[in-house]
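A structural walkthrough
One-letter residues, chain by chain:
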Amino acid sequence: MNIFYNVLEKIIRSIWKLVRKAPVAVVVCAVLLATVCAGSSALWLKLDSDQDNLISHELPFQKRNIEQIRNFGDQEYMFVVIKTGGTEEGKVKASKFAGTLADKLTKHPDLVREVHYAMSARDMGPGVLMFASPDELRQFVALARDFGPLGREWFEKPGLSRFLNMTAGLLNGEKGNEDGGANPEMFGPFMEALDKVVSEMETSLVSGPDLEKMGEPVFDLDKAGIHYFFTDNGKLLIMRILPKKDFGAMDVIGPSLNFVRSSLEEVRTQYPEVEAGLTGRPVLSADEMHTTDQDMTIAAVISVVVVGLLFMFILHGWLRPMLVMCSLFCAMAWTFGFTLVTLGSLNLLSIVFALVLVGIGVDFGIHIVMRYVEASDSGMTPDEAVEEALIHTGPGVLLGGLTSVCAFYAVLGQEFVGLAELGLVGGTGIIFCLISMLTVLPSAMLIAGRRNWFPSSRPRMATMPFMEKVISRPVTVLLVFAALTALAFPGFQKAGFNYNLLELQAKGLESVEYEHVLINESDESTWFAVMTCPDLESVKALIGRLKEIPSVGRIDSILDFLPEGQREKAEILRGEATALQGLNFEVRNSSLVPADVIAGLENLIDALENLEEKLFSAGAKEELEQVSVIIDRAEMCLDILDKNPAEGVNLTPLQERMISELSSSFAWLKEILEVQSVTPDDLPGQLRSLYVGKDGRFMVKVSPVGNVWDFDELTGFVADLRNIDPEVTGVPVVVYESSLLMRETFLAAAGLTILLVSLILFLSSFSISYVLLTLVPLFAGIFWLLEIMGITGLSFNLANFFAIPVLIAIGVDGGVHFLARWKELSQGERLYYTSTPVAVGLSFCTTMIGFGGLLLAHHRGLASLGGIMVTGSATCLVGCMVVLPAVFRLIERIKGK
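Worth saying up front: this structure is predicted, and the values here are computed from it rather than measured.

Describing the overall build of the chain
Regarding its fold elements, the chain presents 29 helices and 14 strands. Over its C-alpha atoms the chain spans a radius of gyration of 38 Å, topping by over 25% the 29 Å that the globule rule assigns to 897 residues. Each principal axis of the C-alpha distribution contributes one length, and for the chain these read about 120 × 60 × 45 Å. Summarising the internal contacts of the chain: among those between residues at least 6 apart in sequence, 82% fall at separations of at least 24. Put simply, the chain shows about 38,900 Å² of open surface, and 58% of that area lies on carbon and sulfur atoms.

Details of the nonpolar core
Membership of the largest hydrophobic core comes to 142 residues, with the highest contact counts inside it found for Leu328, Met445, Leu761 and Phe818. In this structure, Leu137, Phe229, Val728 and Tyr736 belong to the second largest nonpolar core, which totals 66 residues.

Thoughts on a negative patch on the surface
Taken together, the side chains of Glu602, Asp606, Glu609, Glu613, Asp632, Glu635 and Asp642 present a region of like negative charge at the surface. Elements represented by at least two residues in the negative patch include exactly α20 (594-618) and α21 (621-643). Of the residues forming the negative patch, the biggest block, four residues, is contributed by α20.

Some points on a nonpolar patch on the surface
A cluster of nonpolar side chains, contributed by Val301, Val305, Val306, Leu309, Met312, Trp318 and Met322, occupies part of the molecular surface with about 640 Å² of accessible area. By residue number, the principal contributor to the nonpolar patch is helix α9 (residues 281-315), which donates five residues. For tryptophan 318, the position within the fold is in the loop between α9 and α10 (319-342).

Some thoughts on the packing of helix α25 (residues 731-763) against helix α26 (residues 768-792)
Relative placement of two packed helices is described by the angle separating their axes and the distance separating the axes. Taken N-terminus to C-terminus, the directions of α25 and α26 make an angle of 130 degrees; their axes are 8 Å apart at the nearest point. Considering the angle they form, α25 stands oblique to α26. The hand of the α25/α26 crossing is right-handed. Every residue of α26 that contacts α25 at Val757, Ser758, Leu761 and Phe762 is listed here: Ile768, Tyr770, Val771, Thr774 and Leu775. Residues belonging to the contact of α25 with α26 are distributed by class as follows: seven nonpolar, two polar and no charged.

A look at the packing of aromatic side chains
The tally for this structure, following the rule as stated, stands at 17 aromatic pairs. Seen from their ring centres, phenylalanine 338 and phenylalanine 432 are 6.2 Å apart, and the 75 degrees between their planes marks the pair as edge-to-face. A residue pair is termed long-range when its members are at least 10 positions apart, and phenylalanine 338 in helix α10 and phenylalanine 432 in helix α13 (residues 417-450) qualify at 94 residues. Relative to phenylalanine 492, the ring of phenylalanine 489 has its centre 5.5 Å away and its plane inclined at 20 degrees; by these criteria the two rings are stacked. Note that phenylalanine 489 and phenylalanine 492 are positioned in helix α16 (residues 489-494) at a spacing of three residues, about one turn of the helix. Phenylalanine 489 sits in the partly exposed class, given a relative accessible area of 34%. Using a relative accessible area of 28% as the deciding quantity, one classes phenylalanine 492 as partly exposed. Three or more aromatic residues joined by ring pairs make a cluster, and in this case those are Phe497, Tyr499, Phe711 and Tyr736. The aromatic ring of phenylalanine 528 is capped on one face by lysine 701, whose charged end is 5.1 Å from the ring centroid.

A word on the sheet that holds strand β13 (residues 729-730)
Strands sit in the order β11-β12-β10-β13 across an open sheet of four strands; the sheet is antiparallel. Strands with a single pairing partner mark the edges of an open sheet, and in this sheet they are β11 (552-556) and β13. Sheet topology note: the strand β10 (residues 529-533)/β13 ladder contains two bridges and is antiparallel. Directly across from valine 530, in β13, lies its bridge partner threonine 729. Lying on the sheet, helix α18 (residues 536-546) is in contact with β10, β11 and β12 (698-704); it crosses β12 at an angle near 10 degrees.

Quick notes on the packing of helix α2 (residues 23-44) against α10
Taken N-terminus to C-terminus, the directions of α2 and α10 make an angle of 50 degrees; their axes are 8 Å apart at the nearest point. It follows from the interaxial angle that α2 and α10 lie oblique. In the packing of α2 onto α10, the handedness of the crossing is left-handed. When α2 is examined against α10, the residues Ala30, Val31, Leu33, Ala34, Cys37, Ala38, Ser40, Ser41 and Trp44 are found in contact with a partner set consisting of Cys330, Ala333, Trp334, Phe336, Gly337 and Leu340. When grouped by side-chain class, the residues that make up the contact of α2 with α10 number 12 nonpolar, three polar and no charged.

What to know about the pattern of salt bridges
Per the counting criterion, the structure on display carries 27 salt bridges. The salt bridge involving glutamate 266 is made with lysine 104; its shortest N-O contact spans 3.1 Å. Separated by 162 residues along the polypeptide, glutamate 266 in helix α8 (residues 254-270) and lysine 104 in helix α4 (residues 88-105) bring together distant segments of the chain. Taking relative accessible area as the criterion, glutamate 266 reaches 41% and is therefore assigned partly exposed. What emerges from the salt-bridge pattern is a single network uniting Asp74, Glu76, Lys245 and Arg281.

A closer look at the sheet that holds strand β3 (residues 112-116)
Spatially, β3-β6-β2-β7 is the arrangement adopted by the four strands of the open sheet, whose pairing is antiparallel. Of all strands in the sheet, those bounded by a partner on one side alone are β3 and β7 (276-279). Strand after strand, the sheet turns through a mean of 20 degrees between neighbouring axes, direction not considered. Examined bridge by bridge, strand β2 (residues 78-83) and strand β6 (residues 236-243) share six bridges and lie antiparallel to one another. By the bridge assignment, methionine 78 is partnered in β6 with isoleucine 241. Most of the contacts of α4 go to β6, to which it runs at about 10 degrees, and overall it touches β2, β3, β6 and β7. Contacts between helix α17 (residues 510-521) and the sheet are confined to β2, β6 and β7, with β7 contributing the most and set at about 100 degrees to the helix.

Side note on the pairing of β6
Counting buried positions along β6 gives eight out of eight residues, so the element sits mostly inside the fold. As paired strands, β3 and β6 are joined by four bridges and run antiparallel to one another. Note on β6: the bridge partner recorded for valine 115 is isoleucine 241.

What about the state of the cysteines?
A complete count under the given rule lists zero disulfides for this structure. Looking at the unpaired cysteine 37, the closest cysteine sulfur is the one in cysteine 330, lying at 9.8 Å. With no disulfide of its own, cysteine 880 lies closest to cysteine 876 among cysteine sulfurs, the gap being 8.6 Å.

Observations concerning unusual backbone geometry
Phi is positive for asparagine 452, close to 60 degrees, though the residue is something other than glycine. By secondary structure assignment, the location of asparagine 452 is in the loop between α13 and α14 (467-470). A relative accessible area of 64% places asparagine 452 in the exposed class.

A word on the environment of serine 404
The residue serine 404 is located in helix α12 (residues 382-409) in this model. Sequence-wise, serine 404 and glycine 811 are 407 residues apart; in three dimensions their C-alpha atoms are separated by 9.5 Å. Residues in contact with serine 404, not counting those within four places in the same chain, are Ile360, Ile430 and Ala809.

Re α10
Taking 1.5 Å as the rise per residue, α10 with 24 residues should run 34 Å; its terminal C-alpha atoms sit 35 Å apart, in good agreement. Within α10, 17 of the 24 residues are buried, leaving the element largely enclosed by the surrounding structure.

A word on the environment of leucine 592
Following the sequence through the fold, leucine 592 ends up in the loop between α19 (566-573) and α20. Spatially, the C-alpha atom of leucine 592 lies 74 Å from that of glycine 866, the residues being 274 residues apart in sequence. Sequence-distant contacts of leucine 592, that is, excluding residues within four places in its chain, are made with Leu160, Val597, Gly648, Leu651, Thr652 and Gln655.

Observations regarding the pairing of β2
Among the six residues in β2, five count as buried, and that is most of the element. Both β2 and β7 contribute to a ladder of four bridges, which runs antiparallel. Pairing of phenylalanine 79 across the sheet is with threonine 279, part of β7.

Describing the side chain of serine 864
Inspection of the secondary structure puts serine 864 in helix α29 (residues 860-895). Overall, serine 864 belongs to the buried group, its relative accessible area being 7%. In this structure the side chain of serine 864 is engaged in a polar contact, spanning 3.0 Å, whose partner is the side chain of asparagine 797. Here serine 864 is in contact with Leu794, Asn797 and Asn800, once residues within four sequence places are set aside.

How each quantity is defined
- Residues numbered from 1 in each chain as written.
- Predicted model: local features only at pLDDT ≥ 70, side-chain atom pairs only at ≥ 80, totals over all residues.
- Heavy atoms only, no water.
- Helix = DSSP H or I, 4+ residues; strand = E, 2+ residues; numbered from the N terminus.
- Rg over C-alpha atoms; globule rule 2.2 N^0.38 Å.
- Contact = heavy atoms within 4.5 Å.
- Areas by Shrake-Rupley, 256 points an atom, 1.4 Å probe, with all protein chains shown as cover.
- Core = buried A, V, L, I, M, F, W, Y, C linked by side-chain atoms within 4.5 Å.
- Buried < 20%, exposed > 50% of the residue type's maximum accessible area, 1.4 Å probe, protein only.
- Patch = residues over 30% accessible without salt bridge, like charges linked within 9 Å, V, L, I, M, F, W, Y side chains within 5 Å.
- Salt bridge = Lys/Arg side-chain N within 4 Å of Asp/Glu carboxyl O.
- Lys, Arg positive; Asp, Glu negative; His and termini not counted.
- Charge placed at Lys NZ, Arg CZ, Asp CG, Glu CD.
- Axes fitted to C-alpha atoms, helices over the stretch in contact; angles between N-to-C directions.
- Parallel < 35°, antiparallel > 145°, perpendicular 65-115°, else oblique.
- Left-handed = near helix turned anticlockwise from the far one by under 90°.
- Nonpolar A, V, L, I, M, F, W, Y, C, P; charged D, E, K, R; others polar.
- Phe/Tyr/Trp six-rings, centres within 6.5 Å; stacked < 30°, edge-to-face > 60°.
- Lys NZ or Arg CZ within 6 Å of the ring centre and 35° of its normal.
- Pairing = 2+ DSSP bridges.
- Disulfide = S-S within 2.5 Å.
- Expected span 1.5 Å × (residues − 1).
- Polar contact = N/O pair within 3.5 Å; in protein donor to acceptor, adjacent residues only side chain to side chain.

Here it is as structure tokens:
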């Protein structure tokens with residue numbers, strides 16, 4: 001035996017001396033350390049759920065992405081998608097739905113930072129008139145001239161009675177239009193505003209002032225000329241919501257998402273005829289996190305319970321399985337402690353290490369327990385049985401453990417930080433499992449054996465003699481498998497890689513459904529690429545080039561908010577603000593006189609009745625009905641005040657709100673009439689920050705035409721943009737580069753794992769034939785796995801590709817133990833009359849069970865990981881339990897053994 005293997009034996013013998021001398025001390029120290037690690041981890045170990053931290057910030061594409069986020073702020077929105085049906089009626093209902101939802105969301109700025117679903121004149125800033133055409137501007141100027149005298153009259157003595165009298169005068173044609181306010185374009189909005197005032201007067205007089213409306217506008221003039229964010233085809237109304245994020249929590253947007261969803265559900269009950277749903281990258285990520293966390297928890301519970309039950313069935317009792325599981329839990333606790341000291345946090349990938357340890361770490365204990373049982377059955381004392389188990393299986397366990405560690409440590413130092421941290425935590429966890437299974441488990445078994453705690457009954461399955469018949473004809477066995485492999489070879493050619501992240505999500509999720517709605521029914525995209533320019537001329541030139549690219553869809557920039565033809569429009573507006581010069585726009589609280597309000601109501605009712613006669617003569621039934629409703633409400637108010645004028649005090653809050661709103665509106669009118677140009681600096685801060693960075697550079701957002709989740713379309717989109725700007729960034733670029741990086745990392749890790757494993761195997765034997773024999777189960781199992789994947793349509797993806805390094809580890813581990821035991825056999829002994837095949841079979845079964853719970857996962861990525869791990873473990877098991885022993889038997893015949 002070579003030096004390397006001798007070193008492994010010396011390590012095992014040293015461990016045995018420690019275990020034999022102080023088994024109680026070993027167990028007590030291990031449990032105390034595990035308790036400290038578990039307690040401190042529960043208190044201080046954090047979760048870093050920021051997806052940007054999964055990739056090295058030193059990579060050029062990620063560095064640009066981080067710089068862009070720092071420069072322009074977080075612009076990763078939730079999307080509420082509201083269906084309109086493409087009709088005007090549907091658009092009106094969708095608008096009301098969006099407004100109601102926005103009102104709820106904006107009341108909690110601690111959870112929702114921004115809500116965008118429409119843009120009003122106020123949102124556009126003082127330069128809003130510059131966006132009108134010259135003809136529209138002239139019409140507005142004429143209207144503003146008419147409002148000048150009205151403004152002067154209003155500000156002489158603002159109040160509710162003045163408003164009622166001025167409205168009556170307008171309806172009677174005493175001011176402005178001689179048609180009695182019957183302008184068809186103005187009639188509807190005018191009457192709606194009047195109805196709102198009279199309705200609130202009635203409510204205040206009947207029920208008292210509404211405290212919830214104290215800060216709300218009366219007319220909602222700020223929403224005049226509002227533009228809703230409908231898609232080009234008019235089928236959808238899009239709301240963008242920026243949530244508050246907490247990267248120290250598992251659910252980064254958990255509280256915000258729950259609040260938005262509960263608010264959305266409340267609004268749905270108010271508008272049952274409107275279909276709406278929530279999606280967007282942060283929502284999809286949160287749903288994915290919630291689904292995977294739930295699925296992983298269920299899988300972990302299933303794996304622990306089923307593995308424990310399997311042990312109890314095979315080993316006939318609960319004590320031996322419990323000792324194995326307790327040793328595993330010690331190792332897992334140590335791993336948590338190691339992670340706390342070295343990394344301080346777990347990321348979205350490294351958090352799955354516990355499931356990996358359940359599937360792999362427990363295997364080391366199985367070999368020791370089964371060899372102990374075999375030794376006990378042969379009549380050995382507990383001390384002799386533990387020594388036999390450690391000395392004979394220990395080197396193989398260490399060797400198999402080292403190969404498993406290689407599978408995880410192979411990714412250390414990779415630019416994919418999330419995977420590198422998983423490699424560090426998972427690989428170190430396997431080392432801790434080795435330590436625990438070689439020290440804590442033998443110590444516990446020695447204590448239990450000396451005290452005669454183990455059941456006297458023999459395990460149900462310690463050997464597998466029936467398998468000797470299966471491999472009795474090795475040539476036939478190998479030819480059968482060769483023929484089956486050849487028949488399934490077309491499946492091997494079909495095995496592929498699926499980059500589509502949306503197809504990994506659970507079916508039936510609202511976020512996934514409405515992401516498809518956006519893709520299929522609109523020009524919107526929840527992903528956009530980002531380019532930056534130093535000045536406006538560069539922005540114009542860039543947009544011109546982008547419009548020539550077929551893969552480019554929507555383009556958003558600050559130019560959308562900088563109107564054209566400003567010089568001509570400035571001439572139209574020049575001097576128009578003088579009509580409002582000298583007016584005092586400061587809010588002045590006027591005392592409310594009930595008698596004046598009564599007189600105002602009487603004048604208003606007379607004017608409305610005159611208008612009612614004109615509408616009746618004109619046959620305007622709809623308008624007539626609207627006026628009649630206002631008259632009824634006004635008469636109700638008048639009746640209440642006539643009976644008890646003191647009730648007029650209830651109208652004071654309404655008057656104060658009206659004075660405040662109209663004062664603000666006239667001040668705003670004067671301000672927009674004075675504007676002569678619009679530059680980026682003139683835009684409102686919130687709007688400007690979307691497109692102008694802290695360094696003064698301008699952002700251009702570029703959305704794709706096609707389905708950006710399709711990797712081929714994503715590849716073409718990114719390539720097209722890089723032809724224009726090699727430093728383009730944004731979500732499409734990050735997802736594209738991250739996908740390639742992850743795939744390259746996995747392939748490199750798989751190749752490096754095989755290389756390291758082969759090197760370790762060679763150093764332990766200095767025999768090429770030993771290496772090749774050990775790798776037989778692995779190569780056979782992986783090849784069959786690829787064939788089955790091609791036949792069943794199961795693809796590799798970004799959620800399951802790490803299965804390959806893990807399968808390499810367990811496939812080699814089985815070969816190591818089979819080959820080690822085969823070499824121990826004396827003349828006439830048979831492999832399947834020993835405990836090793838049962839131990840190896842149990843090891844593969846525990847891995848299959850550990851990952852098998854994922855087959856029930858709703859997340860399709862995790863379910864595919866479970867499918868690959870179960871299938872790959874099964875094929876490697878067949879390669880180890882059937883093909884490798886058949887090769888052994890063939891070698892024996894050739895050598896005449």
